[in-house]
Amino acid sequence: MQKIRPAMERLNAALDRLEKHQKKSAANGGDLIGKQAEADALAMQCAHLRAEVSGLKKKKAELEAAQTRAGVQIDKAMRQIDDVLGDA
């Protein structure tokens, strides 16, 4: 009987530690779920921003092409003006 009592005390102490650990793990699990939801939201926002940046890059390329075409047309018009004024 004397050997059983210390063993029971150790068992109860171990059960108390296990219960505290389980409560702590459950609390951390809730935090992890919140953190995961936040990470998912940030990943979605990142995907939207990537799509927006991609669209802006495409628009930039279109504007640069239009600027180049306008420059060519201006150069052509200037040559025509010079030709007309040179002949006069």
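Caption draft 1: Inspection of the overall build of the chain at higher detail. Helix and strand content of the chain: one helix and zero strands. Computed over its C-alpha atoms, the radius of gyration of the chain comes to 37 Å, more than 25% above the 12 Å expected for a compact globule of 88 residues. By the burial criterion, 0% of the 88 residues in the chain qualify as buried. Summed over all atoms, the accessible surface of the chain reaches about 8,300 Å², with 61% contributed by carbon and sulfur. Separation of charge centres in the chain, based on 16 positive and 13 negative side chains, amounts to 16 Å.

Caption draft 2: Quick look at the pattern of salt bridges. Enumeration according to the criterion identifies one salt bridge in this entry. Between Lys 60 and Glu 64 there is a salt bridge whose closest N-O contact spans 3.5 Å. Here Lys 60 pairs with Glu 64, and both are found in helix H1 (residues 4–87), just four residues apart, close to one helical turn.

Caption draft 3: Expanded view of the environment of Glu 62. Relative to the helices and strands, Glu 62 resides in helix H1. The exposure class assigned to Glu 62 is partly exposed, which follows from its relative accessible area of 41%. Linking Glu 62 and Leu 42, residues 20 residues apart in sequence, is a C-alpha distance of 30 Å.

Caption draft 4: Fine view of a nonpolar patch on the surface. Side chains of Ile 4, Met 8, Leu 11, Leu 15 and Leu 18 sit close together on the surface and give an oily, nonpolar patch of about 470 Å² of accessible area. Within the secondary structure, Ile 4 is located in helix H1.

Caption draft 5: Seen up close, the environment of Gln 67. With respect to the helices, strands and loops of the structure, Gln 67 is situated in helix H1. Between the C-alpha atoms of Gln 67 and Asp 82, which are 15 residues apart in sequence, the distance is 22 Å.

Conventions used here
Residues numbered from 1 in each chain as written. Predicted model: local features only at pLDDT ≥ 70, side-chain atom pairs only at ≥ 80, totals over all residues. Heavy atoms only, no water. Helix = DSSP H or I, 4+ residues; strand = E, 2+ residues; numbered from the N terminus. Rg over C-alpha atoms; globule rule 2.2 N^0.38 Å. Buried < 20%, exposed > 50% of the residue type's maximum accessible area, 1.4 Å probe, protein only. Areas by Shrake-Rupley, 256 points an atom, 1.4 Å probe, with all protein chains shown as cover. Lys, Arg positive; Asp, Glu negative; His and termini not counted. Charge placed at Lys NZ, Arg CZ, Asp CG, Glu CD. Salt bridge = Lys/Arg side-chain N within 4 Å of Asp/Glu carboxyl O. Patch = residues over 30% accessible without salt bridge, like charges linked within 9 Å, V, L, I, M, F, W, Y side chains within 5 Å.

All we've got here are geometric facts, nothing functional implied.
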